[in-house]
Structure formats: C-alpha cells, structure tokens
Amino acid sequence: MTAPRDFKYVGTRPIRHDGVDKVTGRASYGADAAWPGMLHGFVLRSPHAHARIVSIDTGAAEAVPGVHAVITGKDLPETTATIALGEAAIDLRDIGDNVLAKTKTLYHGHAVAAVAATTIDIAREAAAAIEVVYDVLEPVTGIDRALGAGAPILHPALVTKGAAGPDAGGPTNIASRMELKRGDVDAGFAEADLVVEREFRTPMVHQGYIEPHACIARCGEDGRAVVWCTTQGPFVVRDACAAIVGLDPANVKVVPSEIGGGFGGKIVVYLEPLALALARKARRPVKIVMGRDDVFRATGPTSGSKVRVKLGAKRDGTIVAASASLWYEAGAYAGSPVGAGAMCMLAAYKVPNFFIEAYDVVVNKPKVAAYRAPGSPIAAFAVESVVDEIARELKIDPIELRLMNANAEGDRAPYGPKYGPIGLAQILEAARAHPHWRAPLGANQGRGFAVGFWFNAGMNSSATVTLNSDGSAAVVTGNPDIGGTRAAQAMMAAEELGIPVERVRSNVGDTDGSGFTDVTGGSRVCYATGMAVIRAAEDAREQLRARAATIWNVSKDAVGWENGRAIPPAGTEKASPMTVAELTAKMTQTGGPIVGRASLYAPMAGPAFGAHICDLEVDPETGRSRIVRYTAFQDVGKAVHPSYVEGQMQGGVAQGIGWALNEEYIYSADGVMENAGFLDYRMPVASDLPMIETVIVEVANPLHPYGVRGVGEVPIVPPLAAVANAMRDATGIRFTELPLSPPRVLEAIEAAAAVPVEA
Amino acid sequence: MVAIRYETPRSVSEAVRLMAADPGARVLAGGTDLLVQFRTGVRQPSAFVDIKRIPELMSIAIDAHGLRLGAATPAAVIGEHAELRRLWPGLAESVRLIGSTQIQGRGSVGGNLCNASPAADTTCALIVNRAECVIAGPNGERTVPVEAFSIAPGRTVLQPGELLVAIRVPRPAARTSDAYLRLIPRTEMDIAVAGAAASVTLDAAGLCTTARVAIGAVAPTALRVPAAEQALVGSRLDEASLKRAADAASAAARPIDDKRGTTAYRRTVAGVLTRRAAAIAAARAREQGSHP
Ligand SMILES: Cc1cc2nc3c(=O)[nH]c(=O)nc-3n(C[C@H](O)[C@H](O)[C@H](O)COP(=O)(O)OP(=O)(O)OC[C@H]3O[C@@H](n4cnc5c(N)ncnc54)[C@H](O)[C@@H]3O)c2cc1C
C-alpha cells in the first residue's frame, strides 16, 4: 500500500457550488421550464387496481376547444428493447406498458390516456370526457393473496424465471425465484445450541422526494426531440423515450433539470414518453407535472415484504447456520429488489452454512423502483432483529456478537466474491468505544443496535475538464447532482490541478454535451464519476506540462509538477515555475485550448458497512415513540466533502426511521391507496428527529485513487432493525411487522400486559 | 373554465351583503383549509370573500368580562399574546399546535371552527372555556355556544349569508385553569388522532368545584363529557378521580376506524389524554392559588 496522500482540498468543507441558487430559489427544477407555444398535459389514471380495458373513446375529449392532442396506449408502439443498467436490465416493454396501459390496468393510478391542451384546466376537463369502459377484476392486494389458491393472475403469460421452486409451472404471480447457498444447512443447524426463527413483514414505502416528477418535451417535424426533466439518469430517459415513443435515440436530447431528490425513484420514466408522444402529435411543446397523489400512486415505491429468517448459533455466539425465505412485492411488473436483499442479508457475517430463497411477486400495486440500497433494508430488518434475539438469549453484548462473526478482508461474501479491505470491524469497534453505547437510559427508553451493508456500484462514467485562459476550470459530467457531487467533483479537479476549489465550476451536462455516463445511483457518482474527473484533470495537467515544455523548449518528461505549478528542470536558463493561470494565459500561442477528458468502466466498487445505535422512548399508555438519540457509524473509504458525507448518513437514517415508525402504503380491500399525500403518509418532519450524530470511519478502497467508497445508500439499511431492537429493549416486545406506529405498539403492549410473556 | 371573484370587504355588513348575494361564495380567512380544498377540487366557490381586511375580525381584546377574539386573527398573533396565554394557557396551546409556523401565520380560530373538522384542535379548548360564537347575518347578530356550533363533519349552524365574527370567552374564575393535549404520531403537520381539553376550578382548599371536559377526533363533532366532569367535581383531582374521568371519556368516545387510527386505539387514547389534560389543568390552577 502506498503512503496516505496529503490532500489540500479533499477532506475540507467548502460551500457547495449549487447552494446559493438553491436557497435563493433561482435553481431551475423539473417544473420550472416554460417554452414558447407550450401546452399542458394531463394524465387520466385508472380508478381500478385491476381491470381489463374494454374500450377507450377519446372523441368527446378531442372535441373540447383548446385540446391539441389525446393519446392512449394505441399511440405507442410495442417495444421489446432493454436498457442495460448494471446487473439489472430495464425491460422497456414493461416500462412502456407502465407508462400507458395497453390492455389491462394493473394498479390504482395506472395511466390510461393523456391530453395536451392550451391550459391545464382544459386538459383536465377533456380527460374527464374520455370514456373508458373497464372490465373490473379482483385485485391482488398483497403477497399472501398473490400466492394463495385461485389467486387472480396479473400477467397470463408470466413464467417464473430462475431457480425453479416447488410451485413452478402454470399461471403464476411469481416472476422469479433465486437461491443462494453454501455448505450444509441441516448439518449447520444440527450443530447449533440455539436456533431462532421469526417471520417479518414490511409495507410498501415511498422515497418521498420533495420534487414531484415533471418534464417538458418537444418534437420537431424532422423527428428531433428535446426533453427537459427531473431525472437521475438522462441517458436512460433518452433511450427509454426513444424506444417507447418510437424515435431514433440519435434524435433525442435529454436535458436534466436541477433535481429535488430521487433516492432511486427518478431513474425510470413516467411522464417523459407521454409528453413526447403528445408533443409529436400536437407539434407543440408539452409540459406535464405530477401532483403528490400521482407520485404516490403511480411512481415506484419500494416493495412490501414477507421475510422468514432462521439463525443457528453456538453457545459462545458463533453463528453456524442460516436459512431464509424472502418474498418481495414487485408491484405490477416483475422486478423487485429481492435478489439484492438475499445477497445483502448475511453480508456482515461469516456463516459457513446457509440457504436463502428469494421470490419476486407481482401484485396490483405500482411497479416498484429503486429506493436507496434497494432490497437491503428489508432484509436487514429481519436478520438484525434475529441477531438481536440471539444476543439476548446468549447474554452476549450485541456489538461483541457481531464482532465475533464479522467478515473481514479475504473472507468470501455470501453473494460470491472475496472481500477486499472492508471496514466492518472498524465501525463495530468505533461503536463499542463511543460514549453513546454506555450512556444511561431513562424511563421507558430502550437502545437498539444494527448493522447494514450495500455493494455500491461502479459502471460507466465520463468527464471533461476544460481550462480557461484565466486558469479557472470547468468540469462536465453526465450525472445529475442529488447528493452534493458537483462540489465533490470540483474538489477532486482542484486537488489534481492545484487551483483553488472556488475556481472550478462543476456542471451537469445533457446527453449531447457530456460523454456517456450511467445513472446517478448505486452510490457510484463520487466513486466512479469522481475517478473520471480525477483522470480528466490529470489529462489536463499532462497537457499543461507539455505546454510548459514547449515554452521552456525542454522535453515534457523533464517538466515537474508541484502545488499547481509546472517546475522547470534544474539548470534551465531564465525559466521559473509557472502556475496554471500563467500557462493557460499562453494556451493560444502554445497549441490552443486545453480540454482534459476521461471515460472509464469500473466493474467493481468498494462495498461498505454501517452500524447504528438508536435510543428510543415509548409512551406506554399511547404507544407513541420518539427517537431520543441516534448515532451512525460508517466506513466511507475517504470522505471527499465530510459535510455531505454526514448529510448522506443523516438523510439515510431519517428515511429509515420514517420507514420504521410511521410510513406505509395503506390500501382499501379493493386496492385503492388511501393515504396518497404527506398528511397521511407520515414521513418524519424535522422536529420528529434528534440531531443524528455521525462517525466517519475511513478504510481506504484500493479501487479508487483517494480511497473513496459509495456513501449514500448504506445509511438507510440499519435503521429499521436498530429502531425495532430499541423498541424491543424499551418494551420487552419483539415487533416483527413495520411500521411501529402508535396503535400497533399500544396493542402489543396491552396484549403483553394481559398475557405475561417471557421478556 | 370559470373566473372566480375575489372580494375584500372592509366591514362585517359589507361581507354579509356579499355572502348573502352569492350562495356560491365562500369566506376566506387564512385559507389553510379552504385553498387546499380548492386546489384538490373538493370545493369550487364562485367567489372568495377575504375577511382579513375587516379590523374587528383581526383583533384580540381582553377586558373584565373576558376575551373577544376576532374570527380571522392568525394563530401566530394569538400565540404571542401574553395576557391570553396567561389566562387561557390551554386555549393558547391548542392554537399553537395548529400545523406549523407557516400555517400559523395564516390560519385562524374562526377558520378552524367553520371548517368543522372533528379533529380541529381549538374546538375542545374553546368548549371547556365556555366560548361562544358571535355570528353576523342578514338578520343581525346571534350567539351560539361553541359546543353547538358544529353539527356534523364539515357542517356548522351557519346559515346562508352568515359569518362568524368573533369568539367570546368569559374571564376565568379564581383558581381556574385549562389544558389541551392531542395525540399525533409525529410532532407537527399532522391531524389529531384524538384530543382532549379540560378546565377545572378549585376552591381555596384545593377541591374541584367545577370542571369541563371535551374530547375531539373521536366522534362526528367534538364532545363535551359530562360524566368525566362529574368524576372530577368534588374531588381533589387525585389519581382515582382522574382515572374515573379517563374512563368516562373513553366510554363517551364514538370513534371511527380509519387510516389515522383504529376505534379501540382512539377510545383508549381519548381517556389517557383526558386524564393528563385534567392533571395539567389542576396543576396550573393550584399554581394560581399559590400566587394570587
Ligand atoms: C399543513 C397543514 C397543517 C394543519 N394542521 C392542523 C392542525 O394541526 N390542527 C388543526 O386543527 N388544523 C390544522 N390544519 C387545518 C387548518 O390550518 C386549520 O383548520 C385553520 O385553523 C383554518 O383556518 P383558516 O383561517 O386558514 O381557514 P380557511 O381555510 O380560510 O377557512 C376554513 C373554512 O371556514 C370558512 N370560514 C373561515 N372563516 C370564516 C368565518 N369567519 N365565517 C364563516 N366561515 C368562515 C371558510 O369558508 C372555509 O370553509 C392544517 C392545515 C394544513 C394545510
């Protein structure tokens, strides 16, 4: 290993480049664009969770004065294309059908038609005039119904993919089944002194980004189209729109707006193909903005789940066997993150024998989308609750138990590869040493502990670093900035060039103006795109050295580089070191503009762990609980901008606490979502949470020049279990179903008081 | 699409005239209920009659008889009124619970009452303080006790052309105080799952001579609970009598089962909050007794 590098900018906390525009309201988000001649689009949505579309009559809507275009599923071609996205491919046939139902509506809120008119009121009125005849079918409202006898079938042609299970064959709602195994589970359990088995359930939850989906699109007579939208993946939007609407991707330019949160939910398209198809038909730009109710009903939440976990341990705490079955709701189309859940659930532990089976189940609810470490929080809730039970049964400190079983460098991860350097033991030790772990608890308070894991992603990234004649620089990448990545990228360019970070402008390019770049997701931007920025800045620096060599009339190899200055070789006459600004001032005379560029594919990333301590207080008479103190420990590899790393950790915790305590999709028996708004979908508000304490642990990732690991997803993994374990500590009750809302908690407290159970 | 008129009367009589002339018109106070309902298509008024430019609807006056609260006075102004907070701490805390800082900058007690949500936070605190609604209409002025003002969710005794002008609250007797508590799963920006207010008067010896108890969000309208009041009167507001009051409140509750809470849960919590509110009111009243 090389000696740790002395950084000048990396690790400092400059003000973010996009901050002032955001706090002054100048930043332009998805709904902020207005183009000449613009029409307003409105989407008509299914009132039924499951229905066959018998007919759609748009005649009356088209006759409304001011209406310029009406589209239904018939206006979009059937596509079989896919888009590569890491390991998972996006099936565009499903996405196309999700964007606008073709033959069946599969959830309450599924789009069936769209209207473009001169005003939004006219568009809404015209949409109300569209006559849709439905043949209403029984909805599949959850996993149990989906798998039960005589269950209604969402997709008659669906066949279970993957490792065949016992119930393979025939019409099914199981889209796929996966197995993961090692060793001999039966022998492992036979060896165990203690076996704990529990079944857990979690409801669907939404990312809850503050900015609803919004876009504006135009399409010329020549087939050239522009889409402005709020997205995490402009290149995905480009390819998806082209395939779904039937355009040549070469003719589609996607311009990402400033983005008001995504958390994985703004990768797939919802409105963009509709705006584009309407714009093509109307020959006018069309803008569509979702309301919050549509965001809840018709964009991708993450799965509701049922997870059964069984762990076996020796009396000394060694975990010897594990088995688990996971069923995740995919929503209306295949594709829940159940596979990732299965792969993450034992990532922290050396388990010699395990067997995991994972089912992807379609139900009449919105198609799930990525949500921060997709699949992992649900699985961690189950496993970390059972590990907590084992620690209690065996009377071993929960951190000690995890340390005893912790995976380390060289161990084989349950999902396959051998771990490189990982910081699991380091975060566990940091947690054990932290004053929080020993702080006294008050009345009705409890403390919970849990760990969490996420793979993190690498994938494709490109960057350019353009030098200006005044010695400033502009960075362009294709990653919308959802977590402060522009600031981090500017810092990396400044570090390599040796110019002040304030002299670097960091930009998000559109699909024509930046090299191909995969989505902002998988905690990959600071890592993979950051690496591209570093290399592009190195490329610019090498060009500067060459210019200095030209000026000094020496060979490039002889030119040194120190602290942002080219250093002439010893003994060069009349030559003194030149700064970046001095060199760029002479660019025209020495060969023209300087643009550094880099493109790369990072096949792997640095996996990461987090460990959380949660203190909670419960009101035993009302079941209402309050998070009293919370500390998150995380191996981040290298914190480029520590404030934004801490912000990611706090944000993940806040979302995880919401998931644990109050958030849930509430459905009526006929599949209608009853709480499609922030009043009744209870995300935490600022005053609900204490200041979330953060402890950054840095175990360098050898795959990155600075040691960076992905940061954004890990922190949402432990909170569900950390909160539930704290609730167990406070009440003596093991909760296996989320959310831990006051009525559920009070009911359990009253039941426990009525029939005393062993604590 | 139809145009919506926006009217800004400067006097109560002008507002009454505007309201009487157009049955589709709606009074606009802070708009924190009305504009949300308008945006979601629940209400489509033909005109907004903005009452915030009528001085007597935007004022707080306290004299020997008590409080006269202009119906459209923003919650934030009420919450900062020191004398009001001293005399009716429970009423003030119910006002200060509404929404958030932003919502309180606009929302009013009049709007809270006229919107007639069973979960409205100020209703219970007003009822236990014997508050009355002063109503102006085409046929002059009339008064209605707050407990009779709402008749069903979203419905009040207001007749076409009528307007809530003010809320009058009599000055509390010596050694009297009040309290209001509500339960929401979060800390703000939520709707009460259950709420309870209590007002108690103690004699010099610390015995409770009068008590008023009201519970919210557990029936179509806020309920006064005479049985809970009887459990308190004559007692020293000790644990046993508080418990009896709690049981009476739970028994009186007629909650619904919905996404915000189950019937059983609301019933239990109505009792718990009643007991706690009565205990707080008692402590406040005792405090007054010790500093006359
Ligand atoms: C985010 C949010 C949070 C909220 N939180 C709470 C909460 O915690 N507790 C709570 O109780 N409420 C809450 N509310 C509801 C609302 O803020 C309150 O009910 C508020 O008191 C309404 O007052 P307003 O002046 O804004 O009423 P408006 O919206 O102006 O009016 C409400 C209704 O009353 C009518 N009206 C108003 N004034 C008069 C009058 N003088 N005469 C006749 N009719 C009249 C209007 O026509 C309308 O129908 C919340 C609302 C929001 C948006």
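## Some points on the interface of chain A and chain B
Move 1: If you look at the interface, chain A gives 24 residues, while chain B gives 19 residues.
Move 2: Summing the contributions of chain A and of chain B, the shared interface buries around 2000 Å²; its carbon and sulfur component is 51%.
Move 3: Remark: the boundary between chain A and chain B carries six salt bridges.
Move 4: Between B:Arg275 and A:Glu621 there is a salt bridge whose closest N-O contact spans 2.8 Å.
Move 5: Taken together, the connections running from chain A to chain B amount to 15 residue pairs in polar contact (both at pLDDT 80 or more).
Move 6: Those elements that provide at least two residues to the side of chain A that touches chain B are helix H4 (120–128) and helix H21 (742–754) of chain A.

## Here we look at the packing of helix H11 (residues 376–394) of chain A against helix H12 (residues 398–405) of chain A
All names here are of chain A.
Move 1: Taken N-terminus to C-terminus, the directions of H11 and H12 make an angle of 110°; their axes are 9 Å apart at the nearest point. In terms of orientation, H11 and H12 fall into the roughly perpendicular class. From H11, Glu 384, Val 387, Asp 388, Ile 390 and Ala 391 reach across to H12, where they touch Pro 398, Leu 401 and Arg 402.
Move 2: Across the contact of H11 with H12, the residue classes break down as five nonpolar, no polar and three charged.

## As for the environment of B:Ile184
Move 1: Its place among the elements puts B:Ile184 in the loop between strand S11 (176–183) and strand S12 (194–202).
Move 2: Look past the residues within four positions of B:Ile184 in its chain and what remains in contact with it is A:Arg624, B:Asp190, B:Ile191 and B:Ala192.

## A closer look at the sheet that holds strand S7 (residues 140–145) of chain B
Residue and element names in this part refer to chain B.
Move 1: Taking strand neighbours across the sheet as the criterion, the five strands line up as S4-S5-S10-S6-S7 in an open arrangement whose pairing is antiparallel. Either end of the sheet is taken by a strand with one partner, and the two such strands are strand S4 (60–63) and S7. Strand-to-strand twist across the sheet, computed as the mean angle between neighbouring axes with direction ignored, equals 20°.
Move 2: Bridge analysis of S4 against strand S5 (residues 66–70) gives four bridges, and the strand direction is antiparallel. Across the sheet, Asp 63 pairs through a bridge with Gly 66, a residue of S5.
Move 3: Together, strand S6 (132–137) and strand S10 (163–170) form the strand contacts of helix H1 (residues 12–21), whose direction differs from that of S10 by roughly 135°.

## Examining the pairing of strand S29 (residues 693–697) of chain A
Move 1: Note: strand S28 (residues 625–635) of chain A against S29(A), five bridges, orientation parallel. Along S29(A), the bridge assignment pairs A:Gln634 with A:Ile696.

## Here we look at the domain arrangement of chain B
Residues and elements named next belong to chain B.
Move 1: Here chain B is described as being made up of domain 1 (5–51 + 62–170) and domain 2 (176–289).
Move 2: Taking only C-alpha atoms into account, the centre of domain 1 sits 24 Å from that of domain 2.
Move 3: Carbon and sulfur atoms make up 57% of the area that domain 1 and domain 2 hide from each other, which totals about 2000 Å².
Move 4: Area buried by domain 1 at its contact with domain 2 is led by Pro 118, Cys 124 and Val 128, which between them contribute 27% of it.
Move 5: Scanning the region where domain 1 abuts domain 2 turns up four salt bridges.
Move 6: For Glu 147, the salt bridge identified is with Arg 212, shortest N-O distance 3.1 Å.
Move 7: Viewed at the interface, domain 2 and domain 1 are joined by twelve residue pairs in polar contact (both at pLDDT 80 or more).
Move 8: Only helix H5 (89–96), helix H8 (121–128) and strand S8 (150–152) provide two or more residues apiece to the side of domain 1 that touches domain 2.
Move 9: Among the elements that line the side of domain 1 that touches domain 2, the one with the most residues is H8, at six residues.
Move 10: Residue composition of the side of domain 1 that touches domain 2, grouped by class: 13 nonpolar, seven polar and four charged.

What counts and what doesn't
- Residues numbered from 1 in each chain as written.
- Chains lettered and ligands numbered in written order.
- Predicted model: local features only at pLDDT ≥ 70, side-chain atom pairs only at ≥ 80, totals over all residues.
- Heavy atoms only, no water.
- Contact = heavy atoms within 4.5 Å.
- Buried area = accessible area lost by both parts, 1.4 Å probe.
- Salt bridge = Lys/Arg side-chain N within 4 Å of Asp/Glu carboxyl O.
- Polar contact = N/O pair within 3.5 Å; in protein donor to acceptor, adjacent residues only side chain to side chain.
- Helix = DSSP H or I, 4+ residues; strand = E, 2+ residues; numbered from the N terminus.
- Axes fitted to C-alpha atoms, helices over the stretch in contact; angles between N-to-C directions.
- Parallel < 35°, antiparallel > 145°, perpendicular 65-115°, else oblique.
- Nonpolar A, V, L, I, M, F, W, Y, C, P; charged D, E, K, R; others polar.
- Pairing = 2+ DSSP bridges.
- Domains from an automatic or database assignment.

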